[in-house]
Amino acid sequence: MGTTTRWIDRKTADLDDAVRLLIDSVEPDEKVKTIVWDNWHFDKIFSENCEITLNGRNISYNMIRYSFDQITMDGAQPVEDMTSGKTGFIIVYKTESSLNYIIDQNSSAQRMLRRLLSYSGKNEIERNMFELDDDFFIWLINRMYMENQAIETGSDGATQYELKAIRSIKGSADDLQTKVSAFGESVMNLISTLSFLLESDSLNKIQIDLSYTGHENISLVLQRGTVSIETKRYQGKYETENLDEQLAKLHLMVYIEVLPTLLQEYHSDMENDIWNRERYREFLTDVAKDLQHRIQSKIDMINEEHTDTKG
């Protein structure tokens, strides 16, 4: 499972040109740098560009696997001791209006893409990620908590998406010093999770499972600015594809169909006052009552066991 980001190309518009630029020779790194990238190798995965229809749009795409040596220039140590091999992938795709890259890098993504594309100017490669903030994460938790997991799409109102589980959440406590988190297959049933929602000031990571027509399980880790797909947990029609085809199609589907649908539902709930600050307060009140009820039930059970033991 790799953390990915998406970037839009403001200079190159043709898919074949982009693929060619990605896999041609790379200029040697400046040896004065502390971290040097060297010995690049590229594999163009599909001999011909592929086509897929997502969210009613025709998408052309290809995929590049890359490897290189990352060398820390420390004169006190042998070069071989300071060299580590790096590998990854880039999915480049073309829509009717833009050319984008999905890459399994975050902080180094822009630098790497500019390097591989031989770009030297500004604003040629720009971040193209979704705004996933803590309110969006809390909205997802609320939908699960209220057992309102279905998301209807399409003019016929058919249910195509369903939130199946929230497997982990992570954030910061009010004092901004304590990191809090909750994990588990049934995380919404854990008292620790309910307590977490009351203690946390800001959510920054959530792991969800959802289903979608033809895809029985898609497991995502969403953070502010990054998206990860747990490919080993995936169940659906792409299982019959080879690893590279599955990887490319899953990422394209998540970025072009799944996340836009979730965000559209989120904004729709806000516009219709189904989700707002008042509903958020009500949600926290419900969580507090539920937490108190569960704790009291546990105390009552312990008291009963104690009474039975004495008897």
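Located above this text is the structure these notes cover.
Rules behind the numbers
- In every chain, residue numbers begin from 1 and rise along the written sequence.
- Two thresholds apply to this predicted model, a pLDDT of at least 70 for residue-level local features and 80 or more for giving and counting side-chain atom pairs, whereas whole-chain, interface and lining totals are computed over all residues.
- Side-chain metrics in this entry use all non-hydrogen atoms of the structure; hydrogen atoms and water are not considered.
- Here a strand is any run of E in DSSP of at least two residues, a helix any run of H or I of at least four, and the numbering for each starts at the N terminus.
- Only protein chains enter the calculation, and the probe is 1.4 Å; a residue is then buried if its accessible area is under 20% of its type maximum, exposed if over 50%, and partly exposed in between.
- Whether two residues are in contact is decided by their heavy atoms: any pair within 4.5 Å suffices.
- By definition here, a salt bridge exists when the distance from a side-chain nitrogen of Lys or Arg to a carboxyl oxygen of Asp or Glu is within 4 Å.
- Any two of the Phe, Tyr and Trp rings considered here, Trp counted by its six-membered ring, make a pair once their centres fall within 6.5 Å; the pair's planes then place it as stacked at under 30 degrees, edge-to-face at over 60, or tilted in between.
- A ring is scored as having a charge over it whenever the NZ atom of a lysine or the CZ atom of an arginine sits within 6 Å of its centre and within 35 degrees of its normal.
- Multiplying 1.5 Å by the residue count of a helix minus one yields the expected span of that helix.
- For the purposes of these results, a polar contact is taken to be a pair of N or O atoms within 3.5 Å, where, inside protein, one atom must be able to donate a hydrogen and its partner to accept one; residues adjacent in sequence count only when each atom of the pair is a side-chain atom.
- What makes a nonpolar core is a set of buried Ala, Val, Leu, Ile, Met, Phe, Trp, Tyr and Cys residues whose side-chain atoms join them at distances within 4.5 Å.
- Under this scheme, a helix contributes an axis fitted over its contacting stretch, all axes are lines through C-alpha atoms, and angles between N-to-C directions fall in the 0 to 180 degree range.
- By definition in this entry, angles of less than 35 degrees are roughly parallel, angles greater than 145 are roughly antiparallel, angles of 65 to 115 are roughly perpendicular, and the rest are oblique.
- Lys, Arg, Asp and Glu make up the charged group, whereas Ala, Val, Leu, Ile, Met, Phe, Trp, Tyr, Cys and Pro make up the nonpolar group; the residues left over, Gly among them, are polar.
- Bend is computed residue by residue as the angle between axes fitted to the seven residues ending at the residue and the seven residues starting at it.

## Some words on the overall build of the chain
Looking only at helices and strands, one finds six helices and 14 strands in the chain. Classification of the 311 residues of the chain by burial places 47% in the buried group. Residue pairs at least 24 apart in sequence account for 64% of intrachain contacts in the chain once pairs closer than 6 positions are excluded.

## Details of the pattern of salt bridges
Enumeration over the complete set of coordinates arrives at 14 salt bridges. The closest approach of N and O atoms between Arg10 and Glu126, which form a salt bridge, is 3.1 Å. Of this pair, Arg10 sits in the loop between strand E1 (3-9) and helix H1 (15-23) while Glu126 is found in strand E7 (residues 125-127), placing the two residues 116 residues apart along the sequence. Put simply, Arg20 and Asp17 hold a salt bridge, and the shortest N to O gap is 3.8 Å. Of this pair, Arg20 and Asp17 both sit in helix H1, three residues apart, roughly one helical turn. The partly exposed category is assigned to Arg20, whose relative accessible area is 46%. On the basis of relative accessibility, which here comes to 32%, the residue Asp17 falls in the partly exposed class.

## Structural notes on the packing of aromatic side chains
Under the counting rule described, the total for this entry stands at 17 aromatic pairs. Its guanidinium or amino end placed over the ring of Trp37, Arg111 lies 3.7 Å from that ring's centre, counting from NZ or CZ.

## Some remarks on helix H3 (residues 134-145)
Within an α-helix, residues lying three or four positions from one another point in the same direction, as the helix has 3.6 residues per turn. With twelve residues, H3 should reach 16 Å at 1.5 Å per residue; the first-to-last C-alpha distance of 16 Å fits that figure. Buried residues dominate H3, accounting for eleven of its twelve residues. Residues of H3 that are buried: Asp135, Phe136, Phe137, Ile138, Trp139, Leu140, Ile141, Asn142, Arg143, Met144 and Tyr145.

## Considering the side chain of Gln105
Looking at where Gln105 falls in the secondary structure, it is placed in the loop between strand E6 (99-103) and helix H2 (109-117). For Gln105, a relative accessible area of 19% puts it in the buried group. A distance of 3.0 Å separates polar atoms of two side chains, one belonging to Gln105 and the other to Tyr66. With residues near it in sequence (within four places) discarded, Gln105 still touches Thr3, Thr4, Thr5, Tyr66 and Met112.

## Examining unusual backbone geometry
Unusually for a residue other than glycine, Asn55 sits at a positive phi of about 55°. Take Asn55: it is sitting in the loop between strand E3 (50-54) and strand E4 (57-72). Despite not being glycine, Asp273 has its phi angle at roughly 60°, a positive value. Relative to the assigned elements, Asp273 resides in the loop between helix H5 (243-271) and helix H6 (277-310).

## Thoughts on the nonpolar core
Within the largest apolar cluster, 56 residues are counted, with the highest numbers of intra-cluster contacts made by Phe136, Leu220 and Leu222. Ranked by residue count, the leading element in this core is H5, at 13 residues. Ignoring anything within four residues of it in the chain, the contact list for Leu222 reads Leu132, Phe136, Phe137, Asn204, Lys205, Ile206, Ile208, Val227 and Leu259. Counting 25 residues, the second largest nonpolar core, distinct from the first, contains Trp7, Leu15, Phe68 and Ala109.

## Brief notes about the packing of H3 against H5
Where H3 contacts H5, the axes come no closer than 11 Å and their chain directions differ by 85°. Comparing the axis directions of H3 and H5 gives the class roughly perpendicular. Residues Asp135, Phe136, Trp139 and Arg143 of H3 pack against Leu262, Leu263, Glu265, Tyr266, Asp269 and Met270 of H5. Here the residues of the contact of H3 with H5 are counted per class, giving six nonpolar, no polar and four charged.

## Focus on the environment of Trp139
Along the chain, the position of Trp139 falls in helix H3. Along the primary structure Trp139 and Met270 are separated by 131 residues, whereas in three dimensions their C-alpha atoms are 9.8 Å apart. Once residues within four sequence positions are removed from consideration, Trp139 is found in contact with Leu262, Glu265, Tyr266, Asp269 and Trp275.

## Some details on H5
Relative to the 42 Å expected for 29 residues at 1.5 Å per residue, H5 spans 40 Å between its end C-alpha atoms, a close match to the ideal helical length. Its maximal kink placed at Val254, H5 deviates by approximately 45°. In terms of burial, H5 is largely enclosed, as 22 of its 29 residues are buried. Where H5 begins, the side chain of Asn242 points an oxygen toward the backbone nitrogen of Asp244, at a separation of 3.1 Å. Trailing H5 by a residue or two, Asp273 shows a phi angle of about 60°, which is positive.

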